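Take a look at the letters that make up each chain.
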Amino acid sequence: MTVRNLGEINSIANQYLAELRDPLRQANRSVFRHNLTRLGEIMAYEISRDLNYRDEIIPTSLGQKRMQVPESNVVLLTILRAGLPFLEGFQRIFDQADTGFIGAFRVEGAEELR
């Protein structure tokens, strides 16, 4: 598994992270969500670099071209609510992916019920 800390690499992701961390910009919910979506796109692209790829012959108007395409289907799973803006960015990159959701809830005082 490869770990990439996007905050340690010079890229536009640092601008989005800075805006996410800025308390004044956090007040603008639309900009906050949009930056999460953009970071999701960048993260999906970075993850795509570690996928396995296979050769495929693609017909074009000028002939045929050998291309590298993902070897297997991608499935995106997110925890409802918390991951939705990231999911939107991932779906823009992995536009052929199936999507699933995980729902969870906490019962306050559940320890007392046992």
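Before reading on, note that the structure itself is shown above.
Model, not experiment: these values are computed from the prediction.

Caption draft 1: Structural detail: a nonpolar patch on the surface. On the surface, a cluster of nonpolar side chains totalling about 390 Å² of accessible area is made up of Val75, Leu77, Ile79 and Ile102. Here the element with the most residues in the nonpolar patch is strand S3 (residues 75-79); it accounts for three residues. Mapped onto the fold, Leu77 is located in strand S3. For Leu77, a relative accessible area of 59% translates into the label exposed.

Caption draft 2: Seen up close, the nonpolar core. Within the largest apolar cluster, eight residues are counted, these being Leu6, Ala13, Tyr16, Leu17, Leu20, Leu36, Leu39 and Ile42. Listed by contribution, the elements that provide at least two residues to this core are helix H1 (13-21) and helix H3 (29-48). Ranked by residues supplied to this core, first place goes to H1 with four residues. Excluding residues within four positions of it along the chain, Ile42 makes contact with Leu6, Ile12, Ala13 and Tyr16. Core analysis: the second largest hydrophobic core is formed by six residues, Ala44, Leu87, Phe94 and Ala97 among them.

Caption draft 3: Main features of the pattern of salt bridges. Following the criterion strictly, the structure yields six salt bridges and no others. We note a salt bridge from Glu56 to Arg54, for which the minimum N-O separation is 2.7 Å. A residue is classified by how much of its surface remains accessible, and Glu56, at 29% relative accessible area, is partly exposed. For Arg66, the salt bridge goes to Asp55, with nearest N and O atoms at 3.8 Å. Pair noted here: Arg66 is in strand S2 (residues 63-70) and Asp55 is in strand S1 (residues 53-60), with a separation of 11 residues, a long-range link. For Asp55, a relative accessible area of 42% gives the class partly exposed. By sharing partners, the salt bridges in this structure join Glu41, Glu88 and Arg92 into a single network.

What counts and how
Residues numbered from 1 in each chain as written. Predicted model: local features only at pLDDT ≥ 70, side-chain atom pairs only at ≥ 80, totals over all residues. Heavy atoms only, no water. Patch = residues over 30% accessible without salt bridge, like charges linked within 9 Å, V, L, I, M, F, W, Y side chains within 5 Å. Areas by Shrake-Rupley, 256 points an atom, 1.4 Å probe, with all protein chains shown as cover. Salt bridge = Lys/Arg side-chain N within 4 Å of Asp/Glu carboxyl O. Helix = DSSP H or I, 4+ residues; strand = E, 2+ residues; numbered from the N terminus. Buried < 20%, exposed > 50% of the residue type's maximum accessible area, 1.4 Å probe, protein only. Core = buried A, V, L, I, M, F, W, Y, C linked by side-chain atoms within 4.5 Å. Contact = heavy atoms within 4.5 Å.

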